[in-house]
Amino acid sequence: MYLVVFRNRKRTDIDADAYGVEAEAMEHMARAQPGFLSFKSYTAADGEVVALSEWETEQAARNWGRVAQHREVQSRGRELYYESYTLFGCDAPRIHQFSTKDPS
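Quick summary incoming for the structure in this document.

Here is what the cut-offs are and how they apply
- Numbering of residues starts from 1 in every chain and runs along the sequence as written.
- Two thresholds apply to this predicted model, a pLDDT of at least 70 for residue-level local features and 80 or more for giving and counting side-chain atom pairs, whereas whole-chain, interface and lining totals are computed over all residues.
- Side-chain numbers come from the whole structure's heavy atoms, not from hydrogens or water.
- Strands are runs of DSSP state E lasting at least two residues, helices are runs of H or I lasting at least four, and both sets are numbered from the N terminus onward.
- Contact between two residues is taken to exist if any of their heavy atoms lie within 4.5 Å; hydrogens are not considered.
- Throughout, the Shrake-Rupley method with a 1.4 Å probe supplies accessible areas, and for residues the shown protein chains are the sole cover considered.
- In this charge count, Lys and Arg are treated as positive and Asp and Glu as negative; neither His nor the chain ends contribute.
- Here the site of a charge means NZ on Lys, CZ on Arg, CG on Asp, or CD on Glu.
- Surface patches are defined over residues having more than 30% relative accessible area and no salt bridge, joining like charges when they lie within 9 Å and nonpolar side chains (Val, Leu, Ile, Met, Phe, Trp, Tyr) when within 5 Å.
- Criterion for a salt bridge: a side-chain nitrogen of Lys or Arg within 4 Å of a carboxyl oxygen of Asp or Glu.
- Relative accessibility under 20% of the residue-type maximum defines a buried residue, over 50% an exposed one, and the middle range a partly exposed one, all with a 1.4 Å probe and only protein chains included.
- Buried Ala, Val, Leu, Ile, Met, Phe, Trp, Tyr and Cys residues that are joined via side-chain atoms within 4.5 Å together make up what is termed a nonpolar core.

### Here we look at the overall build of the protein chain
Here is step 1: What the protein chain contains, in helices and strands, is 3 helices and 4 strands.
Here is step 2: Going from N to C terminus, the protein chain has its helices and strands arranged as β-α-β-β-α-α-β.
Here is step 3: If you line up the protein chain on its principal axes, its C-alpha atoms span 50 × 35 × 20 Å.
Here is step 4: Considering only contacts in the protein chain between residues 6 or more positions apart, those separated by 24 or more positions represent 72%.
Here is step 5: Surface accessibility of the protein chain: about 7500 Å² in total, with carbon and sulfur atoms responsible for 51%.
Here is step 6: Across the protein chain, the 13 positively charged side chains and the 16 negatively charged ones have centroids separated by 4 Å.

Take a look at the structure:
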């Protein structure tokens, strides 16, 4: 599995409706990409957003990054929506799991 963590802060003057439309479209497109596993996004009380996407391989994640429409939206994100962001990519992350259904 390849994990992508996208931490970001949005500008205060963004068009939230336009951002929401583009974010929803990108999530829909990502889910259709070969190697996509999952996506979740969380917003902290201070406004920082952490979005997590899981991919079968690093190559699958990189291929998504190269999709033309995705690249266009990324460019608009830098121009119109984001104050700052950091992208982390992690190959073969250490995974520890717990579940009350399987406490081993």
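### Considerations on a nonpolar patch on the surface
Here is step 1: Side chains of Met-1, Leu-37 and Ile-95 sit close together on the surface and give an oily, nonpolar patch of about 260 Å² of accessible area.
Here is step 2: Counting through the fold element by element, Leu-37 comes out in strand β2 (residues 36-43).
Here is step 3: By relative accessible area, Leu-37 is classed as partly exposed at 41%.

### Details of the side chain of Ser-53
Here is step 1: Its place among the elements puts Ser-53 in strand β3 (residues 49-55).
Here is step 2: Taking the relative accessible area as the measure of exposure, Ser-53 reaches 11% and is therefore buried.
Here is step 3: Aside from chain neighbours lying at most four places away, what touches Ser-53 is Tyr-2, Leu-3, Val-4, Ser-38 and Phe-39.

### Examining the nonpolar core
It is characteristic of soluble globular proteins that their nonpolar side chains tend to be buried jointly.
Here is step 1: Among the nonpolar cores identified, the biggest contains 11 residues, and these are Tyr-2, Val-4, Met-26, Met-29, Ala-30, Phe-36, Trp-55, Ala-60, Ala-61, Trp-64 and Val-73.
Here is step 2: Every element with two or more residues in this core is listed here: β1 (2-10), α1 (16-31) and α2 (58-65).
Here is step 3: Beyond its immediate stretch of four places on either side in the chain, Val-4 contacts Ala-51, Leu-52, Ser-53, Trp-55, Ala-61, Leu-87 and Phe-88.
Here is step 4: If you look at the next biggest cluster of nonpolar residues, it comprises 6 residues, including Phe-6, Ile-14, Ala-51 and Tyr-82.

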